Amino acid sequence: MAIYRNVQLSFWTDNKVEDDFTPEDKYFYLYLLTNPQTNICGCYEVSYSQMTNQTGYNKDTINRLLDRFEKVHGMIRYCRETKEILILNWHKYNWSNSSRVITGIESVAKHIKHKEFKDYIYMVLDAKKNG
């Protein structure tokens, strides 16, 4: 697992971020992209207690923000049963065609619990491999 995550500088000038995100949205999305549970797939398990402890928000605020990012912004999917977050389009900024990256993605993806999320990762990975 990487000990750091890169955030593209274009994050700050992205039209969606500039026009639609509140300051709270920006903070929470940066948290979703860079928290210690993230991995090469962009799909990871994170508990409410981890999110509340790491952000300082209470559980109600976390739920509100998760709903907002899923339903309003359309940038994540969250499974409350498995407590997994899928960051949509993670692959655009964090994957390469390197065989080491592909192998890493495959080794992490097999541990995804939510079938829909696992299927999404494998679909995107197949598309990446096939150009």
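Within each chain, residues carry numbers counting from 1 in the order of the written sequence. Local features in a predicted model are, by the rule used here, given only for residues with pLDDT of at least 70; side-chain atom pairs are given and counted only at 80 or more, and totals for whole chains, interfaces and linings are based on all residues. The side-chain quantities take in all heavy atoms of the structure and omit both hydrogens and water.

## Thoughts on the overall build of the protein
Reasoning step 1: Per the secondary structure count, the protein includes seven helices and three strands.
Reasoning step 2: Each helix corresponds to a stretch of at least 4 residues labelled H or I by DSSP, and each strand to a stretch of at least 2 residues labelled E; elements are numbered beginning at the N terminus. Secondary structure elements in the protein, listed N-terminal to C-terminal, are α-α-β-α-α-β-β-α-α-α.
Reasoning step 3: For the protein, the C-alpha radius of gyration of 15 Å lies close to 14 Å, the compact-globule estimate for 131 residues.
Reasoning step 4: By its C-alpha atoms, the protein is 40 × 35 × 30 Å across when sized along the principal axes.
Reasoning step 5: By residue count, 40% of the 131 residues in the protein fall in the buried class.
Reasoning step 6: Note on contacts: a residue pair is in contact if any heavy atoms of the two residues lie within 4.5 Å. Partitioning the contacts of the protein with sequence separation of at least 6, the portion at a separation of at least 24 is 59%.
Reasoning step 7: Just so you have it, the protein exposes about 7700 Å², and 49% of that area is on carbon and sulfur atoms.
Reasoning step 8: Taking the average location of the 18 positive side-chain charges in the protein and that of its 16 negative ones, the two points are 5 Å from each other. For the radius of gyration, the atom set is restricted to C-alpha positions; the globular benchmark scales as 2.2 Å times the number of residues to the power 0.38. Think of it in three bands: residues with accessible area under 20% of the maximum for their type are buried, residues over 50% are exposed, and the middle band is partly exposed, with areas taken using a 1.4 Å probe on protein chains only. Accessible surface area values rest on a Shrake-Rupley calculation with a 1.4 Å probe, where residue burial reflects the displayed protein chains alone. Neither His nor the chain termini are counted; the positive set is Lys and Arg, and the negative set is Asp and Glu. Each charge is placed at NZ for Lys, CZ for Arg, CG for Asp and CD for Glu.

## Let's talk about the nonpolar core
Reasoning step 1: Judged by nonpolar contacts, the single largest core of 39 residues is most densely connected at Y29 and I121.
Reasoning step 2: Apart from the residues lying within four places of it in its own chain, the contact partners of I121 are C41, C43, L86, W95, I105, A109 and I112. Nine residue types can take part in a nonpolar core, namely buried Ala, Val, Leu, Ile, Met, Phe, Trp, Tyr and Cys, and a core is a set of them joined through side-chain atoms within 4.5 Å.

## Points about the pattern of salt bridges
Close approach of charged atoms lets side chains of opposite charge pair.
Reasoning step 1: One speaks of a salt bridge when a side-chain nitrogen belonging to Lys or Arg is within 4 Å of a carboxyl oxygen belonging to Asp or Glu. Enumeration over the complete set of coordinates arrives at seven salt bridges.
Reasoning step 2: In this structure, the salt-bridge partner of K16 is D20, at a minimum N-O distance of 3.9 Å. You can see K16 and its partner D20 sitting in helix α1 (residues 15-20), four residues apart, about one turn around the helix.
Reasoning step 3: On the basis of relative accessible area, D20 is assigned to the partly exposed category, the value being 38%.

## A few points about the layout of surface pockets
Reasoning step 1: If you add up the space inside the largest pocket, you get close to 460 Å³.
Reasoning step 2: Lining the largest pocket are 18 residues; nearest its centre among them are F11, Y29, L33, M75 and Y93.
Reasoning step 3: Of all the elements in the fold, those that place two or more residues in the lining of the largest pocket are α1, α2 (23-34) and α5 (90-94).
Reasoning step 4: Among the elements that line the lining of the largest pocket, the one with the most residues is α5, at four residues.
Reasoning step 5: We call Asp, Glu, Lys and Arg charged. Ala, Val, Leu, Ile, Met, Phe, Trp, Tyr, Cys and Pro are nonpolar, and the rest, Gly among them, are polar. Considering only residue class, the lining of the largest pocket consists of ten nonpolar, five polar and three charged. The definitions used throughout rest on a 1 Å grid laid over the protein atoms alone, on which a cavity is an enclosed set of points accommodating a 1.4 Å probe that cannot get out and a pocket is an open set flanked by protein within 12 Å on both sides along at least five of seven lines; lining residues are those having an atom within 4 Å of a point. Grid points are joined across faces, edges and corners, and a volume is the space filled by probe spheres set on the points.

## Some words on the sheet that holds strand β1 (residues 43-45)
Paired through backbone hydrogen bonds, the strands of a sheet run either parallel or antiparallel to each other.
Reasoning step 1: If you walk across this open sheet you meet the three strands as β1-β3-β2, and the pairing is antiparallel. Of all strands in the sheet, those bounded by a partner on one side alone are β1 and β2 (76-79). Taking the axes of each pair of neighbouring strands and ignoring which way they run, one obtains an average angle of 15 degrees across the sheet.
Reasoning step 2: Strand pairing is assigned whenever DSSP detects at least two bridges linking the two strands. Of the strand pairs in this sheet, β1 and strand β3 (residues 84-87) are connected by three bridges, and their pairing is antiparallel. Counted as the bridge partner of C43 is L86 from β3.
Reasoning step 3: Here helix α7 (residues 115-129) sits on the sheet in contact with β1, β2 and β3, set at roughly 30 degrees to β3. Angular values range over 0 to 180 degrees, each being the angle between N-to-C directions of two axes fitted as lines to C-alpha atoms, with helices fitted over their stretch in contact.

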